[in-house]
Amino acid sequence: MIEAKLVDFQVRALQRMLENVPKKLRNKILRQELRKGAKILVPPSKAATPVRTGTLRRAVKVRAQKRSQKSVGVFVGYSEKGFTGDTFYGAFLEWGWRGGKRLSAAQVRSGRTDTRVKQPGKFFLTRVANTRGPAVLTSVIKAVSKRVETEAKNA
C-alpha cells in the first residue's frame, strides 16, 4: 500500500514536470524509457510462461501501444490482439475459457442454461506485472525525470 502511494505521488510529480516539455519530445522520452522499463519484465515473463513446445515462451516481447493523440505506452505480451496469430492460445491460458458445446439460440430461448465447464486462467503474466511492475514503474519515473532534466539543460 505504501509503494502504491509513493508511485502515485511520483507520477503526479512527473506529470507536473512534463507539462513544460514540448509534446513531441515528451512522447519520445516516454516511449523510449517505457520500452527500456518493459524490457526488464521480459525475462521473468518468459520464465513464468508455461512450456509445451516453447512457441509461447519465445513469443513474449515488448510491443508498442497503438499510436494515439492522448497516450503513449508499451506492453509485454504475445501479440496486439489476444486471440490471434500463432500464439492465440496464450490468451486462453492467461484468462481461462469455457469448454464444451454452446447452446443454440432456440435452446437459450427455451430457458436452458449454459453447461459449459469453466477452465480458470493461470494469470502468469498478470502475476509478473503485479509483483515486478511497481519497481519497474519507479525506475522508469526516475529515468524519465533525469532525461527531462538533461534535455532541458541541452535546449
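Numbers given for residues are sequential positions, taken from 1 along each chain in its written order. With pLDDT at 70 or above as the cut-off, local features in this predicted model cover only qualifying residues; side-chain atom pairs require 80 or more to be listed or tallied, and sums for whole chains, interfaces and linings still use all residues. Side-chain metrics in this entry use all non-hydrogen atoms of the structure; hydrogen atoms and water are not considered.

Colleague: Is there a simple way to explain the overall build of the protein chain in this structure?
Modeller: Across its full length, the protein chain holds six helices and four strands. A run of DSSP states H or I qualifies as a helix once it reaches four residues; a run of E qualifies as a strand once it reaches two. Both are numbered from the N-terminal end. Shown N-terminal to C-terminal, the secondary structure of the protein chain runs as helices and strands in the order α-α-α-β-β-α-β-α-β-α. Here the C-alpha radius of gyration of the protein chain, 21 Å, is well above what a compact globule of 155 residues would show, namely 15 Å. Seen through its principal axes, the protein chain has C-alpha atoms that stretch 70 × 35 × 35 Å. Counting every position in the protein chain, which comprises 155 residues, the buried fraction comes to 28%. Within the protein chain, contacts between residues separated by at least 24 positions form 60% of all contacts whose residues are at least 6 apart in sequence. His residues and chain termini do not enter the charge count, which takes Lys and Arg as positive and Asp and Glu as negative. By convention, the charge on Lys lies at NZ, on Arg at CZ, on Asp at CG and on Glu at CD. For the protein chain, the centre of its 35 positive side-chain charges and the centre of its 10 negative side-chain charges are spaced 7 Å apart. Each radius of gyration reported is based on C-alpha atoms, and the globular scaling rule is 2.2 Å times the count of residues to the power 0.38. Throughout, exposure labels follow a simple rule: accessible area from a 1.4 Å probe, protein chains only, divided by the maximum for the residue type, with under 20% read as buried, over 50% as exposed, and the rest as partly exposed. Any two residues whose heavy atoms approach within 4.5 Å are treated as being in contact.

Colleague: For this particular structure, what's the right way to read the packing of helix α2 (residues 23-48) against helix α6 (residues 124-154)?
Modeller: Packed helix pairs are characterised by how far apart their axes lie and by the angle those axes make with each other. Working convention: axes come from line fits to C-alpha atoms, limited for helices to the stretch in contact. Angles between N-to-C directions cover 0 to 180 degrees. The interhelical angle for the contact between α2 and α6, taken along N-to-C directions, is 150 degrees, at an axis separation of 8 Å. Taken as axis vectors, α2 and α6 run roughly antiparallel relative to one another. Seen from above, α2 lies across α6 with right-handed handedness. Note that Gly is not counted as nonpolar here; it falls among the polar residues with everything else outside the nonpolar set of Ala, Val, Leu, Ile, Met, Phe, Trp, Tyr, Cys and Pro and the charged set of Asp, Glu, Lys and Arg. Considered class by class, the residues forming the contact of α2 with α6 number 16 nonpolar, four polar and five charged. Our angle categories are set so that under 35 degrees counts as roughly parallel, over 145 as roughly antiparallel, 65 to 115 as roughly perpendicular, and the remainder as oblique. Here is the rule for handedness: rotate from the far helix to the near one, and if that takes an anticlockwise turn smaller than a right angle the crossing is left-handed, while a clockwise turn gives right-handed.

Colleague: Help me out: how do you make sense of the side chain of Thr87 in this one?
Modeller: Relative to the assigned elements, Thr87 resides in the loop between β2 (74-77) and α4 (89-95). Take Thr87: its relative accessible area is 8%, and that puts it in the buried class. The residues contacting Thr87, other than those within four sequence positions of it, are Thr55, Leu56, Ala59 and Tyr78.

Colleague: Is there a simple way to explain the nonpolar core in this structure?
Modeller: Side chains that are nonpolar tend, in soluble globular proteins, to be buried together. Ranked by size, the top nonpolar core spans 12 residues in total: Leu14, Leu18, Val21, Ile29, Leu30, Leu41, Val128, Val136, Val140, Ile141, Val144 and Val148. When residues of this core are traced back to their parent elements, those giving at least two are α1 (2-18), α2 and α6. The element best represented in this core is α6, accounting for six residues. Here, the term nonpolar core denotes a set of buried Ala, Val, Leu, Ile, Met, Phe, Trp, Tyr and Cys residues that are joined through side-chain atoms within 4.5 Å. Core analysis: the second largest hydrophobic core is formed by nine residues, Ala38, Val42, Leu56 and Tyr78 among them.

Colleague: What exactly am I supposed to notice about α2 here?
Modeller: Along an α-helix, a turn takes 3.6 residues, which lines up residues three or four apart on a common side. A rise of 1.5 Å per residue sets the reference length of α2, with its 26 residues, at 38 Å; its end C-alpha atoms lie 37 Å apart and thus fit the reference within 8%. The largest bend along α2 reaches roughly 30 degrees and is located at Val42, with the proline Pro43 sitting one to four residues downstream. Expected helix span is computed as 1.5 Å times (number of residues minus one). Two axes enter the definition of the bend at a residue: one is fitted to the seven residues ending there, the other to the seven starting there, and the bend is the angle between them.

Colleague: For this particular structure, what's the right way to read the environment of Arg147?
Modeller: Looking at the secondary structure, you find Arg147 in helix α6. When the C-alpha atoms of Arg147 and Gln119 are compared, they prove to be 45 Å apart, with 28 residues separating the residues in sequence. Setting aside its immediate chain neighbours within four residues, Arg147 contacts Lys28, Ile29, Gln32 and Glu33.

Colleague: Could you clarify how one ought to interpret the packing of aromatic side chains in this entry?
Modeller: The description of two aromatic rings rests on the distance between their centres and on the angle between their planes. Stacked, tilted and edge-to-face are the three classes applied to pairs of Phe, Tyr and Trp rings, where Trp contributes its six-membered ring and a pair requires centres within 6.5 Å; stacked means planes under 30 degrees apart, edge-to-face means over 60, and tilted covers the rest. Within this structure, the stated rule accounts for two aromatic pairs. Plain terms: the ring middles of Phe88 and Tyr89 are 5.9 Å apart, the flat faces sit at 90 degrees to each other, and that makes the pair edge-to-face. Here Phe88 falls in the partly exposed class, since its relative accessible area comes to 39%. Judged by its relative accessible area of 27%, Tyr89 falls in the partly exposed class. Between Phe88 and Phe92 the ring centres are 6.1 Å apart and the planes differ by 90 degrees, which places this aromatic pair in the edge-to-face class. Three or more aromatic residues joined by ring pairs form one cluster here, namely Phe88, Tyr89 and Phe92.

Colleague: Even after reading the chapter, I still don't get the side chain of Glu94, so can you show me in this structure?
Modeller: Relative to the assigned elements, Glu94 resides in helix α4. Between Lys or Arg on one side and Asp or Glu on the other, a salt bridge is scored when a side-chain nitrogen of the former is within 4 Å of a carboxyl oxygen of the latter. No salt bridge is formed by the buried Glu94. Its closest oppositely charged neighbour is Arg127, at 7.4 Å. Setting aside residues up to four positions removed in sequence, Glu94 forms contacts with Gly121, Lys122, Phe123, Phe124, Leu125 and Thr126.

So far we have only geometry, and geometry alone does not tell us how the molecule works.
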